[in-house]
Structures are given as structure tokens and as C-alpha cells.
Amino acid sequence: MLRSDGARFDIRCSSEGRSRFYECARRGQNKIRPSISCRLKNNAVTVSDTEKCIIGKIDNVKTSPNRQVKAHPFRIYFRSILPFLLFFLRNVNAAQEPVPSEANQSRMDVDLILVNGTVYTVNEKQPHADAIAVTDQRIVFVGSNEDARKFRGDKTRIIDLSGKTVVPGFTDSHCHIFGIGEREMRLNLEGTSSLEDFLAKVKARVAQTERGNWITGRGWIETFWKPPQFPTREDLDKIALDNPVFLTRADGHAAIANSAALKIAKIDKGTPNPFGGEILKDKTTGEPSGMLLDNAQDLVAKNIPKPTDAEREQAFLLGVHREIGLGWCEIQNAGSHAEDIKIIRKCLDDGKVKLRFINAVYGPGEDAQRFLREGPTIDAFDHRFTQRTIKVIFDGALGSRGAALLKPYSDAPESSGFLTEKESDLKPIFEEALRRGIQVETHAIGDRANHVILDLYEQAFKAVPHDQRKIREPRWRVEHAQIVDPADLPRFAKLGVIPSMQPSHAISDLFLAPARLGMDRLAGAYAWQSFLKSGCIIAGGSDAPVERGEPMIEFYAAVARKSVKGFSGDGWHPEQAVSREQALKMFTTWPAYAAFEEKDKGSIEVGKLADFTVLSQDIMKIPEPEILKTHAVMTMVGGEIIFSNSRSN
């Protein structure tokens, strides 16, 4: 820095100081409380030195003509440094000027530089780059390899990406983290190709299980069985007479129980259906078939011994481990109870988890009421935990015919599905959520469920005007929004409601959707492009463990709208597929907006958190089938490598 008398000062901020500069700039504040201490020595003002670690050298780096976004000190009078720095940082994303040569004499040192990458920033002002520099968990430079090298200090860590593709850290906008881990711990029935295959896996588990103990599992789906029919309790009784068995369908909205489990739950031909659920019964005898839909599952599930806290923590950590290995930097956990939240916070507090979490609390109920009283938690554990959302489950799933439809199922005209919550129970919660700044997200799959929840949202918005809300524009969400009446599609954008959708549902459900819905209703099914054209954004997710939960499957499904084997049939509406640029936004910047995080996450820009997913191939250019062969090479959160895998394609 140059003083007016010509004296030169070096200003070196500590990690904490720089973080405070970025935070104040991000929030648009024009001053910082004067609490930073410094000392003057030989015309150098020093707060502290930056800690760095050198791991390698980069030679012969290429220069890119891409525009640059720079972050470097200005030469200003010392007493005026804070206002000038804040002004600079607030406007740094718009900077396009080359770095003055004299700036090299006083450039900040950085912790990490990534070079030789194929960087897709999802920043319209600077969509592509070769290199990124990071300090204190945030991005300080995006641009060319040559200019990135100018940020190198004696201990800066440099990583050569060797052309690998870098995108903003992927976010799974809808998954169930405990279920992902439990899938690994319990009997995993994914991929069962027939009833015989399903029963063989169950029989093998029975042979390993002590008599009388419960056998539980998840993941079966009958869609591809021949015939595609639900299993029955008689099927299970043939292989498991002495063990109660309860096996959940992949979607989590149906389960099959054997006679021993039904007996424990006291379910017989006279047992009535609970609200929001159905006990399927033989049409001839009236006896329960063993299939339980939605809330009817609880009749059996409440009798299963609960896992210990240690087992729940193990499931949680297994889920986290799998997510980061797939390249997810953040998950938006679609529902949890009080005991789940304790485990999540404990693991974060113990430093066992580096993944970022947006957590939702199930409602209505005691947990939601407590949450409404206590209020949101924002950016706890160093931007790794936010809880500001109530999650409501409003209907079932299409595959098990629990999704609430406006007209009967085409292949089951006696049923139109059902709603799983009473409208009268939701109205007061929704209005209170608006007053307290709590976001609402609602599971709605069928067109009736989507229509009614939009009505309820609209009623709440009218009942609580803007001046009575803690957040004027609440960004409420509908999770799945799979089957929507075309007349209701424009209402999402009009109300400011965000559809949170999982592309893989389309390429799995569309094998059964024509039979369930008929061809006419498919016009509003998985209607991604219709939503976008109406003015919506789409928060993309996976719904794991319902689906595999792999970001490359989701990306592929969004752009190809074909099965993983390349199949596309009548009613798949290929015009609803999205572009690769739109698909990338579905898992980066749009989830950030849906979680009120667009100032911190979702794109690779100066000032934002340094969360990156590094991929083995360029998913923006390779042929569609090659997308499925792409894997995460590296997962970085806050500039820290939390997963690395250099295996070949």
C-alpha cells in the first residue's frame, strides 16, 4: 500500500480477517467493527501469515484467452483500507480488467490453486476457466493458468487437474441420508429381477437369522417382474414361517409383510384402513395380502425393535461416506425427526462429517411444533448445517398406486390413491411457518396432491401478507411434482413455488406410468421443460434410497430422458428433456437458490465457498451414453479434498 508521503506498507490479513472481509462484502455491509489488531514493523503492518503447504510444482502451464475475475490488493492510504477493500470485494465479480503488473509485488498468497482444469463455472459473466485459487475456504480467483500462478506463495498447494472437468459442488436437493446408510446395513433388495430372485435373497437372509428375529429390508420393485405383480404374504410364508418379515418397496411407500408380522400387528380381514393408508386384501376372501400402503405400514413397523443410537449413527455415516464418494458436496435431507437431528449435529460437532447439510423436519407433529417455536438454524458448523424447512408427506407413490390422482388409475379404476395428511391440520402450520420464516416443502406426486397443495400454499400466502412474514418471498417447494395437471403447471411460477424433482424417476416410472395413468395424463408427467418455460427453476435431486442416488444417472436422465439402456417408448415425451446447461443448473445453482444459498454456493465465483466436484470426463460434450461411465475424481468442500479417486474410466 502507498501512503500519501510515498511510504510503502504491506497489509497481510489473517485467515479470520479475510473471512470477515468476504462475509461483510457478501452481505453488502459498508464497514467492519474495528476489532482487528495489527503491528507496525519496518513499514509493514502484519496481522498474521497465511498457512500453506506445497505439494508439487506446475510447469509449462497454458494460457487461456478466457476473461478473468481478479482479487488483489489496491494501493490505498492505510486509514482507508477497510472501505476500499469492501467496495472492491462487493464488486469483484464484475472485474474484467487485466492485473496491473505492479500488483505482483503485493499480491495475496493463497492456500490452494487448481490448474489445467476444464472449469464450468455456471456463472454467465465468465462461463469457462482453466484455474481457480482458494483461500480460507473461499474462491479468490477464477481464470487462466498463467494468472493463477501469480497467486502462488511459498507454501501454496497446487493441484494439476490434467484436463479433468470441474463443476460447482453437486447438490442432491432431495435424499434421505439415513435410508441410504440403512440400505447398506439391511437386506438390500435392489435389482431383484423376478419374484424368484426376490425370494431367494430373502431365504438366504432367513438362513442367517435366529428364529423369531425380525428380517427387514428395502429396495424391491416389481415393475420388471413377469408378471409385474406385488409379492404376497403366502410367498414369504413358504420361506419364512418362524421369522416376522417386513420388506419395503424401493419407493418407501409400500411394504410386504408375512403372516408372522401381520399376526404381531394384529392385522386381519376385519382391520380397517388407517387414514392415509391401505391394507390390500384378497378380493375373494377378504384376507390381507400382506401388502401395506403408506400409513398402513406403520401398523407393522411400530412393532419392529428400534435400532440403537449407535446403529443409527453408523447408518448416517455410511450414507455420508457414499454421498461424498459419488461427488455430492451438499445434500438436502428431505425429512428427519428429533433423534435424527441429534445424531447429525453430534457427528458434525465431532468433526466426522465434512458434507454440507440442508435439513428438513417432518411435520405436522411434535417435532415440527418444537421447530416452529425454536426457529431456524442457519450456517452452523462452519456453513455445514442449516435447518429452516418443514417437510410434509401429502400422498403416496405412483408405483404402489398411493399417489393421489384427480381421476382413477387406468389399471385400477376402483382407486384414485389418497392424501396422507388432512388439509385442516396443515393450514395453521403453513401460516405459522410464514410468520416465523420457516420454509415448507411438500411431497406431492399425483395430480390431485399437487393441485390441493398449491391451493393450500396459495391460501396461506393470502392469509399472511408480506408485511407479516419474516421472509417476504418464502421459496416454498413441492417435492417430486411428478404428475401435474397441465392447468396447474403455470401456478408454480405464479406462486413462486419451486418444483424439486428427481430426473431418475422419469426413466424408471415411465415403464409403468402409461399403465397407471393412460397416455393422456403423461403430458403433465415429469414435465421439466414445461416448468422451465413457465418461469420456474428446478431443484434437482435423486430421492435416494428410492433411486440409486448417483449424480451421473440424474444428469443423464435429465438430458437423455431415456432408460440407462437407451430405451424410450410411447409417452416418454422427449421434448421434456433439458439441455446440459439446464441440467447442470439443476444440481448446482438452482438448489442453492432453493435453499437461500445463492450468495455462497452454486457457482464458481470469487467470494463463494470453494465447493467443487471434479469429474473424469467432460459431461457437457461427451456423447450421452458416456455420461453414465463418468465418475467423481475428487470432491472438495471449502477447498478441502474430502474424497479422491484416480481410477480410470
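The preceding data block contains the structure.
Right, let's walk through the structure included here. (Residues numbered from 1 in each chain as written. Predicted model: local features only at pLDDT ≥ 70, side-chain atom pairs only at ≥ 80, totals over all residues. Heavy atoms only, no water.)

### Looking at the overall build of the chain
Phase 1: Looking only at helices and strands, the chain features 22 helices and 28 strands.
Phase 2: Going through the 649 residues of the chain one by one, you find that 57% of them count as buried.
Phase 3: In the chain, of all internal contacts separated by at least 6 residues, the share reaching a separation of at least 24 is 74%.
Phase 4: Per element, the accessible surface of the chain, about 27700 Å² overall, is 49% carbon and sulfur. (Helix = DSSP H or I, 4+ residues; strand = E, 2+ residues; numbered from the N terminus. Buried < 20%, exposed > 50% of the residue type's maximum accessible area, 1.4 Å probe, protein only. Contact = heavy atoms within 4.5 Å. Areas by Shrake-Rupley, 256 points an atom, 1.4 Å probe, with all protein chains shown as cover.)

### Concerning the sheet that holds strand E16 (residues 277–281)
Phase 1: Here 6 strands make up an open sheet; going across it, the order is E12-E13-E14-E15-E17-E16 and the pairing mixed. Each edge of the sheet is formed by a strand with only one pairing partner; in this case those strands are strand E12 (187–188) and E16.
Phase 2: In the sheet, strand E13 (residues 215–220) pairs with strand E14 (residues 245–249) via 5 bridges, with the strands oriented parallel. In the strand pairing of E14, isoleucine 215 is matched with valine 245. (Pairing = 2+ DSSP bridges.)

### Considering the sheet that holds strand E27 (residues 632–637)
Phase 1: Pairing within the open sheet is mixed, and its 6 strands lie in the order E6-E5-E10-E26-E27-E28. Each having just a single partner strand, strand E6 (128–129) and strand E28 (640–644) make up the two edges of the open sheet.
Phase 2: With 4 bridges connecting them, strand E10 (residues 165–168) and strand E26 (residues 612–615) associate as antiparallel partners. Opposite proline 168, over in E26, you have phenylalanine 612 as the bridge partner.

### Structural notes on the environment of valine 167
Phase 1: As for its placement among the helices and strands, valine 167 is situated in strand E10.
Phase 2: Each C-alpha atom, one on valine 167 and one on aspartate 611, is 8.8 Å from the other, the two residues being 444 residues apart in sequence.

### Considering unusual backbone geometry
Phase 1: Each neighbour pair has its own omega, and for glycine 363 with proline 364 the value is 0°, a cis peptide bond.
Phase 2: Locating proline 364 in the fold gives a position in the loop between strand E19 (356–362) and helix H11 (366–374).
Phase 3: In this chain, alanine 544 is followed by proline 545 through a cis amide linkage whose omega measures 10°.
Phase 4: For aspartate 379, which is not glycine, the phi torsion reads 55° and is therefore positive.
Phase 5: In this fold, aspartate 379 is placed in strand E20 (residues 377–379).
Phase 6: Positive phi values are uncommon outside glycine, yet histidine 480 reaches one of about 90°.
Phase 7: Considering the arrangement of structural elements, one finds histidine 480 in strand E23 (residues 477–480).
Phase 8: For histidine 480, a relative accessible area of 3% gives the class buried.

### Some points on the pattern of salt bridges
Phase 1: With the rule as written, the count across this model stands at 36 salt bridges.
Phase 2: For the salt bridge of glutamate 330 with lysine 601, the shortest nitrogen-to-oxygen distance reads 2.8 Å. A residue pair is termed long-range when its members are at least 10 positions apart, and glutamate 330 in strand E18 (residues 328–333) and lysine 601 in the loop between helix H21 (589–594) and E26 qualify at 271 residues. Exposure class is identical for glutamate 330 and lysine 601. Each is buried.
Phase 3: A salt bridge links arginine 491 to aspartate 488; the nearest nitrogen and oxygen atoms lie 3.1 Å apart. Both residues of the pair, arginine 491 and aspartate 488, count as buried.
Phase 4: Through salt bridges that share partners, Arg183, Glu184, Glu190, Arg322, Arg548 and Glu550 make up one connected network. (Salt bridge = Lys/Arg side-chain N within 4 Å of Asp/Glu carboxyl O.)

### Remarks on the packing of aromatic side chains
Phase 1: Throughout the structure, instances matching the rule amount to 20 aromatic pairs.
Phase 2: Relative to phenylalanine 230, the ring of tryptophan 220 lies with its centre 6.4 Å away and its plane at 85°, an arrangement referred to as edge-to-face. One end of the pair, tryptophan 220, is in strand E13; the other, phenylalanine 230, is in the loop between E13 and helix H6 (233–237), and 10 residues separate them in sequence. As far as the burial class goes, tryptophan 220 and phenylalanine 230 line up, both buried.
Phase 3: What links up through ring pairs into an aromatic cluster is the set Phe198, Trp220, Trp225 and Phe230.
Phase 4: In this arrangement the basic side chain of arginine 388 is found over the ring face of phenylalanine 596, its NZ or CZ atom lying 4.2 Å from the centre. (Phe/Tyr/Trp six-rings, centres within 6.5 Å; stacked < 30°, edge-to-face > 60°. Lys NZ or Arg CZ within 6 Å of the ring centre and 35° of its normal.)

### Let's talk about the layout of surface pockets
Phase 1: Looking at the second largest pocket, its volume works out to about 920 Å³.
Phase 2: In terms of lining, the second largest pocket is formed by 37 residues, of which the most central are Ile221, Phe224, Ser508, Val546 and Glu547.
Phase 3: Of all the elements in the fold, those that place two or more residues in the lining of the second largest pocket are helix H16 (503–509) and helix H19 (551–560).
Phase 4: In terms of residue count, the dominant contributor to the lining of the second largest pocket is H16 (5 residues).
Phase 5: In terms of residue class, the lining of the second largest pocket is made up of 13 nonpolar, 15 polar and 9 charged. (1 Å grid on protein atoms, 1.4 Å probe; cavity = no way out; pocket = protein on both sides within 12 Å on 5 of 7 lines; lining within 4 Å. Points joined across faces, edges and corners; volume = space filled by probe spheres on them. Nonpolar A, V, L, I, M, F, W, Y, C, P; charged D, E, K, R; others polar.)

### As for helix H14 (residues 447–463)
Phase 1: With 17 residues, H14 should cover 24 Å at 1.5 Å per step; its first-to-last C-alpha distance of 24 Å lies within 8% of that length.
Phase 2: For H14, the full list of buried residues reads Asp447, Ala449, Asn450, Val452, Ile453, Leu454, Leu456, Tyr457, Ala460 and Phe461.
Phase 3: Looking at the buried positions of H14, the neighbouring elements they touch are helix H13 (423–436), strand E22 (439–444), E23 and helix H15 (489–495). (Expected span 1.5 Å × (residues − 1).)

### Looking at the nonpolar core
Phase 1: Formed by 109 residues in total, the largest nonpolar core has its most connected members in Phe316 and Phe430.
Phase 2: Take this core: its biggest share by element is 8 residues, from H14.
Phase 3: Excluding its chain neighbours within four sequence positions, the residues that come into contact with phenylalanine 430 are Val392, Val440, Thr442, Ile453, Leu456, Tyr457, Ala460 and Trp476.
Phase 4: Judged by nonpolar contacts, the second largest core, of 21 residues, contains Leu187, Leu189, Val245 and Leu293. (Core = buried A, V, L, I, M, F, W, Y, C linked by side-chain atoms within 4.5 Å.)

### A closer look at the environment of aspartate 467
Phase 1: Assignment of secondary structure puts aspartate 467 in the loop between H14 and E23.
Phase 2: For aspartate 467, a relative accessible area of 66% translates into the label exposed.
Phase 3: Taking the C-alpha atoms as reference points, aspartate 467 and arginine 435, 32 residues apart in sequence, are found 9.4 Å from one another.

### Focus on a nonpolar patch on the surface
Phase 1: Nonpolar side chains collect at one region of the surface, where Phe224, Phe511 and Phe567 lie side by side and expose about 300 Å² of accessible area between them.
Phase 2: Looking at phenylalanine 224, the relative accessible area reads 48%, which means it is partly exposed. (Patch = residues over 30% accessible without salt bridge, like charges linked within 9 Å, V, L, I, M, F, W, Y side chains within 5 Å.)

### Re empty space enclosed by the protein
Phase 1: Scanning all chains against the criterion turns up 2 cavities of 30 Å³ or more.
Phase 2: Space inside the largest cavity adds up to approximately 100 Å³.
Phase 3: Taken together, 13 residues form the lining of the largest cavity, with Gly169, Thr171, Lys601, Gly602 and Asp611 sitting closest to its centre.
Phase 4: If you add up the space inside the second largest cavity, you get close to 60 Å³.
Phase 5: Arg388, Ala433, Leu434, Gly437, Ile438, Gln439, Ile471, Pro474, Trp476 and Phe596 together form the lining of the second largest cavity.
Phase 6: When the residues that make up the lining of the second largest cavity are grouped by side-chain class, the tally is 7 nonpolar, 2 polar and 1 charged.

### Comments concerning the packing of H11 against H13
The packing of two helices is summarised by the inter-axis angle and the distance between the axes.
Phase 1: Two elements in contact, H11 and H13, have axes whose closest approach is 10 Å; the angle formed by their N-to-C orientations is 25°. Viewed along their axes, H11 and H13 adopt a mutual orientation that is roughly parallel. The way H11 lies across H13 gives a crossing that is left-handed. Between H11, through Gln369, Leu372 and Arg373, and H13, the contact on the second element is made entirely by Ile429, Glu432, Ala433 and Arg436.
Phase 2: Within the contact of H11 with H13, the residues separate by chemical class into 3 nonpolar, 1 polar and 3 charged. (Axes fitted to C-alpha atoms, helices over the stretch in contact; angles between N-to-C directions. Parallel < 35°, antiparallel > 145°, perpendicular 65-115°, else oblique. Left-handed = near helix turned anticlockwise from the far one by under 90°.)

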